[in-house]
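# Coordinates in review
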Amino acid sequence: MPFNVSSFKANISGEGYQKTNAYEVVLTPPPSINSNIVSNINGDFSVTAVANSIKFRTTKILLPGIDIKTVNVRRYGIGPLQKYATTNEYTEFRMEILCDRYGGIWQFWYHWLRTVFEFSGNSDARTGNINTFPSYAASYKNDIATTLLVTVFDQEGKDIMRFDILEAYPVALSDTSLSWGDNGLVQLAVLMNFKEYRIIGSTIEIKDDILVRG
């Protein structure tokens, strides 16, 4: 069948399209840091308050993909190979966040990473307190993980999809460039580990007793 321009235009006009800049990320701090305070020259702020500001400062996210892993099987022991699914893997979930003036967001992610794995001791060069060594201890997942809610909006501001990123916690904070020759903005890139994600409000009917619902 030849390509029909009118049908193409009618589909785009009727079904519309999604934009990459219409989304919101809501982050609830995990139990390990939920009651903590972020202190800097601007004052003392609850971790929850800092986390609330992240939804306004998340400039980019990379929603994870899904990779179904397969193995090669010869159905009758001989003959052509067939691929059978064995498990799945998710690709990375990545966030880029615009830092605030006083570094509260930077402190937030640094502290959360320290609760995931205690890689740094405590010291205070201003008072001369003796350093304490890091414990190099990993925390229980229930204490460090949370659920990230990513809502996607249409052109009219209506929420059309929501991704629940389950049992998520940070595992990497990118190196961040500061330069005299650059007048840019400081942004942090955070890599998150997670168990799985779900698309809320997305269902497919069951036909012929075969479950195909997401």
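In what follows, the structure referred to is the one given above.
Below is a summary of the structure that appears in this document. Small disclaimer: the values here were computed from a predicted structure and weren't measured.

## Brief notes about the overall build of the protein
Helix and strand counts for the protein come out as 4 helices and 13 strands. When burial is assessed residue by residue, the protein has 25% of its 214 residues classed as buried. By sequence separation, contacts in the protein at least 24 residues apart represent 59% of the contacts at least 6 residues apart. Of the accessible surface of the protein, which amounts to about 15300 Å², a share of 52% is contributed by carbon and sulfur atoms.

## Notes on the nonpolar core
Residues Met95, Phe108, Trp109, Trp112 and Ile165 are the most contacted members of the largest nonpolar core, which totals 32 residues. Counting only elements with at least two residues in this core, the list comes to β1 (23-27), α2 (47-57), β7 (93-98), α3 (104-116), β10 (146-153), β11 (159-173) and β12 (187-193).

## Considering the pattern of salt bridges
Two side chains carrying opposite charge are able to pair once their charged atoms lie near each other. Scanning all chains against the criterion turns up 9 salt bridges. Salt-bridge contacts for Glu89 lead to Lys69; the nearest nitrogen and oxygen are separated by 3.9 Å. Taken together, the residues Glu89 in strand β6 (residues 81-90) and Lys69 in strand β5 (residues 66-74) connect sequence positions 20 residues apart. Under the relative-accessibility criterion, Glu89 is labelled partly exposed at 44%. Residue classification places Lys69 among the partly exposed residues on the basis of a relative accessible area of 30%. Put simply, Glu118 and Arg114 hold a salt bridge, and the shortest N to O gap is 3.2 Å. Look at Arg114 and you get buried, because its relative accessible area is 16%.

## Remarks on the environment of Ser32
In this fold, Ser32 is placed in the loop between β1 and β2 (37-40). Spatially, the C-alpha atom of Ser32 lies 8.9 Å from that of Val116, the residues being 84 residues apart in sequence. Beyond its immediate chain neighbours, meaning those up to four positions away, Ser32 contacts Thr115, Asp143 and Ile144. Looking at Ser32, its side chain comes within polar contact range of the side chain of Thr115, at 3.4 Å.

## Section: the packing of aromatic side chains
This model, assessed by the stated rule, comprises 8 aromatic pairs. For the ring pair Phe108 and Trp109, a centre distance of 5.3 Å and an interplane angle of 85 degrees mean the geometry is edge-to-face. Relative accessible area serves as the criterion here: at 0%, Trp109 is assigned to the buried category. Taken together, a centroid distance of 5.8 Å and an interplanar angle of 70 degrees make the contact between Phe108 and Trp112 edge-to-face. Placement of the pair is Phe108 and Trp112 together in helix α3, with a separation of 4 residues, close to one helical turn. Residue classification places Trp112 among the buried residues on the basis of a relative accessible area of 0%.

## Observations concerning the packing of α2 against α3
At a closest axis distance of 10 Å, the pairing of α2 and α3 adopts a crossing angle of 110 degrees. It follows from the interaxial angle that α2 and α3 lie roughly perpendicular. In the crossing of α2 with α3, the sense of the turn from one axis to the other is left-handed. Along the contact surface, α2 presents Val47, Val50, Ala51, Ser53, Ile54 and Arg57, while α3 presents Gly104, Ile105, Phe108 and Trp109. Each residue belonging to the contact of α2 with α3 can be placed in one class, and the counts come to 7 nonpolar, 2 polar and 1 charged.

Calculation rules
- The written sequence of each chain sets the order in which its residues are numbered from 1.
- Owing to the predicted nature of the model, reporting of local features is limited to residues with pLDDT of at least 70; listing and counting of side-chain atom pairs is limited to 80 or more, with chain, interface and lining totals taken over all residues.
- Excluding hydrogens and water, the side-chain figures rest on all heavy atoms present in the structure.
- Runs of E in the DSSP output that reach at least two residues are strands. Runs of H or I that reach at least four are helices, and both are numbered from the N terminus.
- Residue burial is assigned from relative accessible area. The probe radius is 1.4 Å, only protein chains are included, and a residue is buried under 20% of its type maximum, exposed over 50%, and partly exposed in between.
- The contact criterion used throughout is that any non-hydrogen atoms of two residues lie within 4.5 Å.
- Shrake-Rupley sampling with a 1.4 Å probe provides the accessible areas, and residues are treated as covered by the protein chains on show and by no other component.
- For the purposes of this section, nonpolar cores are sets of buried Ala, Val, Leu, Ile, Met, Phe, Trp, Tyr and Cys residues that join through side-chain atoms within 4.5 Å.
- Between Lys or Arg on one side and Asp or Glu on the other, a salt bridge is scored when a side-chain nitrogen of the former is within 4 Å of a carboxyl oxygen of the latter.
- Contacts described as polar in this section are N or O atom pairs within 3.5 Å, which, within protein, must combine one atom able to donate a hydrogen with one able to accept it, while residues neighboring in sequence count only if both atoms come from side chains.
- Centre distance within 6.5 Å is the pairing criterion for rings of Phe, Tyr and Trp, where only the six-membered ring of Trp is used; planes under 30 degrees apart are then read as stacked, over 60 as edge-to-face, and the remainder as tilted.
- Axis definition: a line fitted to C-alpha atoms, over the contacting stretch in the case of helices. Angles run 0 to 180 degrees between N-to-C directions.
- Here roughly perpendicular refers to angles of 65 to 115 degrees, roughly parallel to angles under 35, roughly antiparallel to angles over 145, and oblique to all remaining angles.
- Throughout, a crossing is termed right-handed when the near helix is turned clockwise from the far one, and left-handed when it is turned anticlockwise from it by less than a right angle.
- Side-chain classes follow a simple rule in which Ala, Val, Leu, Ile, Met, Phe, Trp, Tyr, Cys and Pro form the nonpolar group, Asp, Glu, Lys and Arg form the charged group, and the remainder, Gly included, forms the polar group.

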